[in-house]
Structure formats: structure tokens, C-alpha cells
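Summary of the model geometry
One letter stands for each residue in the lines below.
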Amino acid sequence: MYSELVMEHFTNPRNVGVIEDADGVGKIGNPMCGDVMEMFIKVKDDHIEDVKFRTFGCGAAIATSSIATEMIKGKSLDEAVNLSNKAVADALGGLPAQKMHCSNLAADAVRAAVDDYWSKQKNEK
Ligand code: FES
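What counts as what
- Residues numbered from 1 in each chain as written.
- Predicted model: local features only at pLDDT ≥ 70, side-chain atom pairs only at ≥ 80, totals over all residues.
- Heavy atoms only, no water.
- Helix = DSSP H or I, 4+ residues; strand = E, 2+ residues; numbered from the N terminus.
- Rg over C-alpha atoms; globule rule 2.2 N^0.38 Å.
- Buried < 20%, exposed > 50% of the residue type's maximum accessible area, 1.4 Å probe, protein only.
- Contact = heavy atoms within 4.5 Å.
- Areas by Shrake-Rupley, 256 points an atom, 1.4 Å probe, with all protein chains shown as cover.
- Lys, Arg positive; Asp, Glu negative; His and termini not counted.
- Charge placed at Lys NZ, Arg CZ, Asp CG, Glu CD.
- Axes fitted to C-alpha atoms, helices over the stretch in contact; angles between N-to-C directions.
- Parallel < 35°, antiparallel > 145°, perpendicular 65-115°, else oblique.
- Nonpolar A, V, L, I, M, F, W, Y, C, P; charged D, E, K, R; others polar.

Bringing the overall build of the protein chain into the picture now. Helices and strands together make up the secondary structure of the protein chain, namely five helices and three strands. Overall, the protein chain shows an N-to-C arrangement of helices and strands of α-β-β-β-α-α-α-α. For 125 residues, the compact-globule estimate of 2.2 N^0.38 gives 14 Å, and the protein chain sits close to it at 14 Å. Taking the principal axes of the C-alpha coordinates as reference, the protein chain spans close to 50 × 25 × 25 Å. The buried share of the protein chain, reckoned over its 125 residues, is 45%. The contacts of the protein chain with a sequence gap of at least 6 include a subset with a gap of at least 24, amounting to 61%. Surface accessibility of the protein chain: about 6400 Å² in total, with carbon and sulfur atoms responsible for 51%. Charge centroids of the protein chain, computed over 14 positive and 19 negative side chains, lie 2 Å from each other.

Interaxial distance between helix α1 (residues 4-11) and helix α2 (residues 59-72) falls to 8 Å at its minimum, and their mutual angle equals 90°. Comparing their axes, α2 and α1 come out roughly perpendicular. Between α1 and α2, the contacting residues are Val6, His9 and Phe10 on the first element and Gly59, Ile62, Ala63, Ser66, Ile67 and Glu70 on the second. Class assignment for the residues of the contact of α1 with α2 results in five nonpolar, three polar and one charged.

What follows is about the side chain of lysine 42. With respect to the helices, strands and loops of the structure, lysine 42 is situated in strand β2 (residues 36-44). Excluding residues that lie within four positions of it along the chain, lysine 42 makes contacts with Ile19, Asp21, Ala22, Asp23, His47, Ile48, Glu49 and Asp50.

Here it is in C-alpha cells:
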């Protein structure tokens, strides 16, 4: 049912944890299943210097978040915010149709974290 890459990221997820002094935090709940994802980013020169996540979610949510953190690390904020749900699922070799909604958590949480950073920047000006 799952690709080997999904299983690999599920059993060995990258960038799990919390960044205590994060520059941006995104928290997204999945209304379809009640799972929750939190994404923490550190930003330097408009680029994602570090990223970590934690989730109360299913295997697909863990795998998609893991690969999403790898996809945005070192990237510009504009690139990170444009990470699509489909790109995340594609990078894992696809997800079963009934699990596609799980990939939304990862990309939505990335966008929420960048938005949080941008709104904090605005408020500091
Ligand atoms: Fe909830 Fe996958 S079933 S995120």
C-alpha cells in the first residue's frame, strides 16, 4: 500500500523535535481525522536555516512531514511557502488515494510556520 520511501521516512523520520526559540511556528489540525502537526522554523537571510516537526498523526503524516522538512531546509521562504501538497506526496513516490489528505498537514504546517514568521516580522517594524 505504501511506497518503500514512505515506509523509510515513517520508520526513520528526519528532523523530529521542537525548536524552542523558533522564528516561526505552524500548527495545523486535520479535520478529517483529528491529527495535529506542528512545524518549527529558524530563519536566516530569508532562508530556512533549520526546521523541526512533531505530530500526533498517522504514518503518512509522519512520512510526509519528514520529507517536507528535507525539501525546505536551506530553501528561501518563498520556495518553502510554495511547497505543494502534491509535491510532497510525489517526492515520496505517491500516496494511496485515501491517504492524500494526510500530505496536506505537512505542506499546510510549513506555510503556517512561514506566515507566522512573516507576521512577527511585520509586528516588529
Ligand atoms: Fe490523520 Fe493521516 S489519518 S493525518
